[in-house]
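Listed below, chain by chain, are the residues.
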Amino acid sequence: MVAIGNSNLDIFPLALGGNTFGWTSDENASFEILDAFTAGGGNFIDTADSYSAFADGNSGGESETIIGNWTAARGNRDDVVIATKVSQHPEFRGLAPANVKAAAEASLKRLQSDHIDVYYAHYDDEKTPLVETLAAFDELVKDGKVRYVAISNYSPDRIREWLSLAEQNDFSAPIALQPHYNLVTRHEYESELAALATDNNLGVFPYFALAAGFLTGKYRTREDLEGQAREKLASGYFTDKGLEVVDALGEIAAAHEAEISSVALAWLLEQPTVTAPIASASKISQLSALLAAPGLNLTSDEVQRLTDVSA
């Protein structure tokens, strides 16, 4: 188990992404995945109020609803750590104070819980003064509806402003940062965000840790992607350089008799600032490779090889 930043939350070093719930996984399949994840030692579930409004026929909140139904059915709410996010739900866009409060109440109802463990600002809202957003988050903490606040998809300058305002106003300080970071998307995080996380003891949870499935090795040609649910997401990673990374992952995976996805996640876990990568599964058969990552010990030469080929 690892601690999240300055919090008292201890988690398994792999977070289960909830973006598939209600999208590529129906409720029964989602329950199976959640059951297997917790049976395998996992306890941290990451979702957002907007999941999965991007899918045809969905309106947002589907993932939270399934997670809430699952914890209610299993009676295990206190055994899991749930993170969700605000600003992108079609009915609750932005981070104006009234919207933050209303969105949190809607999330709590869907999650069937009296608290959210980690509440992220999903995307920046430059139309709302940051100090007003932070005050709204702080009020939720003071009311006991949110345990800790966190940041996702903010620029380094805005993160610095957030940290400064929190200190100046004695607001609840953020405990975590959720950046886009994986073996084929490194520059934005490593150039400034990594140092910010270190200097402020922020837990780091990379999303798209498997590059929307590209780093599982199952997409080796453009044709492999055609008609897939993740086609639009994964196609952006599909380059000759990206395929070189996948080839290196495949060779290292073969040496360990492991899955390619396990190796990609294990590389992230070797990065000193990373607390736990976020990875999702559409079906239970994909889960064992994710759970295996924290126990996969890459050699220093293997870590360096992946670092070099993905540079």
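The structure under discussion appears in the preceding block.
Thresholds applied
Numbering of residues starts from 1 in every chain and runs along the sequence as written. The predicted nature of this model means local features are confined to residues of pLDDT at least 70 and side-chain atom pairs, given and counted, to a pLDDT of 80 or more, with totals for whole chains, interfaces and linings taken over all residues. Side-chain descriptors were evaluated using all non-hydrogen atoms of the structure, hydrogens and water having been removed beforehand. Helix and strand labels come from DSSP, where a helix needs a run of H or I of at least four residues and a strand needs a run of E of at least two; each type is numbered from the N terminus. Helices are assigned an expected span. That span is 1.5 Å times one less than the residue count. Buried means the residue's accessible area, taken with a 1.4 Å probe over protein chains only, is under 20% of the maximum for its type, while exposed means over 50%, and partly exposed covers the values in between. Two aromatic rings, drawn from Phe, Tyr or Trp (for Trp, its six-membered ring), form a pair once their centres lie within 6.5 Å of each other, and the interplanar angle then sorts them: stacked below 30 degrees, edge-to-face above 60, tilted otherwise. Counting as a charge over the ring demands two things of the Lys NZ or Arg CZ atom: a distance within 6 Å of the ring centre and an angle within 35 degrees of the ring normal.

(A) Molecular detail of helix α3 (residues 97–111). Its 15 residues place the ends of α3 21 Å apart at the C-alpha level, agreeing with the 21 Å of an ideal helix rising 1.5 Å per residue. Of all the residues in α3, the buried ones are N99, V100, A103, A104, A106, S107, L108, R110 and L111.

(B) The packing of aromatic side chains, seen in detail. Throughout the structure, instances matching the rule amount to nine aromatic pairs. Ring geometry for W23 versus F54: centroids 5.0 Å apart, planes at 85°, classification edge-to-face. Within this pair, whereas W23 is found in the loop between β3 (15–17) and α1 (27–39), its partner F54 is found in the loop between β4 (44–46) and α2 (62–74), the two being separated by 31 residues in sequence. A residue is classified by how much of its surface remains accessible, and F54, at 49% relative accessible area, is partly exposed. Aromatic pair Y119 and F137: ring centres 5.5 Å apart, planes at 40°, arrangement tilted. Of this pair, Y119 sits in strand β8 (residues 116–121) while F137 sits in helix α4 (residues 130–142), placing them 18 residues apart in sequence. Of the two residues examined, Y119 and F137, each falls in the buried class. Here the aromatic cluster, defined as three or more aromatic residues joined through ring pairs, consists of Y119, F137, Y154 and W162. One Lys or Arg, K85, reaches over the ring of Y120 and ends 5.7 Å from the middle of that ring.

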